[in-house]
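# Fold and geometry: a report
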Amino acid sequence: MEPSSATVTGVTERESTKPETAGRESLGLPFAFGREADVYALGDGRVLRRYRHGGDAEPEAAVMAYAGKWGFPVPHVYEARGTDLVMERLDGPTLAEALVAGDVSLERGATILADLLRALHDLPPMSGNGTTVVHLDAHPENVVLSRRGPVLIDWRNAGDGLADLDTAMAALILGQVAVGAIEHEMGSRAGELLDLFLERAPGDPVRMLDEAVAIKAAQPTLSREEVEQLPVAVARVRGVK
């Protein structure tokens, strides 16, 4: 992939929004949220993603801008400051929503996820501390099926790293859903999605599975029960059903 300056707007100081000073009351209720952040509508096709427990959004924005310059599908970033990240509001459902609704087949869903990782791992590293750019949280909830195609979102864990670790992390997350460690509407169909992903995934999805487990187990957002069930998810990824 060749770099393209037209892919993302990039981080800019031209925006008048000053999200770091905006109170939660003035933003209203978030329309989306995850384990670590809430997402608020700002109007004009923009959203504010705010880390709930502190942190710096600028490194996340930098990785997104870098990947976008190479043509990788990321949300346009307008501003990053403190805990706040102002981005474009993407139209379309998440891949997970489309899979649950039956609008996208499991085969197609597995291919979309694998193809996004393959394209990402074709990028050179930002600083040379690794072999490529890695996302480390690629799963169907973090893929939006927008008008311009699938877009990978939620880049907080991203940076330079090893491609096989990234693929292993994606497989592990699908494995957690497949064994019921993470509740999801897909239910038992997540196991089939995992198997199809493993067939299509770039690199070796199990070579660095132990390293992926160590990273996942250290994440403070995981409950004790989720950590305890990681070995079950690992066994499922390795094909022990």
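Residues numbered from 1 in each chain as written. Predicted model: local features only at pLDDT ≥ 70, side-chain atom pairs only at ≥ 80, totals over all residues. Heavy atoms only, no water.

As a further point, take the overall build of the protein. Regarding its fold elements, the protein presents nine helices and nine strands. Buried residues in the protein amount to 49% of all 241 residues. Once local pairs closer than 6 in sequence are excluded, the contacts in the protein between residues at least 24 apart make up 70%. When the accessible surface of the protein is totalled, it reaches about 11100 Å², and 51% of it is carbon and sulfur. (Helix = DSSP H or I, 4+ residues; strand = E, 2+ residues; numbered from the N terminus. Buried < 20%, exposed > 50% of the residue type's maximum accessible area, 1.4 Å probe, protein only. Contact = heavy atoms within 4.5 Å. Areas by Shrake-Rupley, 256 points an atom, 1.4 Å probe, with all protein chains shown as cover.)

What follows covers helix H6 (residues 189-200). Compared with an ideal rise of 1.5 Å per residue, which puts twelve residues at 16 Å, H6 spans 17 Å between its outermost C-alpha atoms and is within 8% of the ideal. Regarding H6, the residues found buried are Ala 190, Gly 191, Leu 193, Leu 194, Leu 196 and Phe 197. The elements touched by buried residues of H6 are helix H3 (95-101), helix H4 (106-120), helix H5 (163-178) and helix H9 (230-237). (Expected span 1.5 Å × (residues − 1).)

With that settled, the discussion passes to the sheet that holds strand S1 (residues 32-33). Strand pairing in a sheet relies on backbone hydrogen bonds, with the paired strands running either antiparallel or parallel. One open sheet holds the five strands; their spatial order is S1-S2-S3-S5-S4, and the pairing between them is antiparallel. Each edge of the open sheet is held by one strand with a lone partner, namely S1 and strand S4 (77-81). Alignment of S1 against strand S2 (residues 37-43), held across two bridges, turns out to be antiparallel. The residue bridging Ala 32 from the neighbouring strand is Val 39, located in S2. (Pairing = 2+ DSSP bridges.)

For the protein, per-residue confidence averages 88 on the pLDDT scale, and 89% of positions sit at 70 or higher. For residues 4-21, every residue scores under 50 in pLDDT, and the model assigns this stretch 44 contacts once sequence neighbours within four places are set aside. (pLDDT = per-residue confidence, 0-100.)

The element strand S3 (residues 46-51) is largely enclosed, with a buried count of six among its six residues. Every second residue of S3 is oriented toward a common face, with Arg 46, Leu 48 and Arg 50 on one face and Val 47, Arg 49 and Tyr 51 on the other, all of them buried. With six bridges connecting them, S2 and S3 associate as antiparallel partners. Across the sheet, Ala 37 pairs through a bridge with Tyr 51, a residue of S3. Looking at chain direction, S3 and strand S5 (residues 84-88) are connected through five bridges and run antiparallel.

Here the structure, examined in full by the defined rule, presents 14 salt bridges. For Asp 84, the salt bridge goes to Arg 50, with nearest N and O atoms at 2.7 Å. Linking Asp 84 in strand S5 with Arg 50 in strand S3, this pair joins segments that are 34 residues apart in sequence. By the burial criterion, Asp 84 is buried, and Arg 50 matches it. Residue Glu 79 is joined to Arg 81 by a salt bridge in which the shortest nitrogen-to-oxygen separation is 2.8 Å. Classification of Glu 79 by relative accessible area gives buried; the value is 1%. (Salt bridge = Lys/Arg side-chain N within 4 Å of Asp/Glu carboxyl O.)

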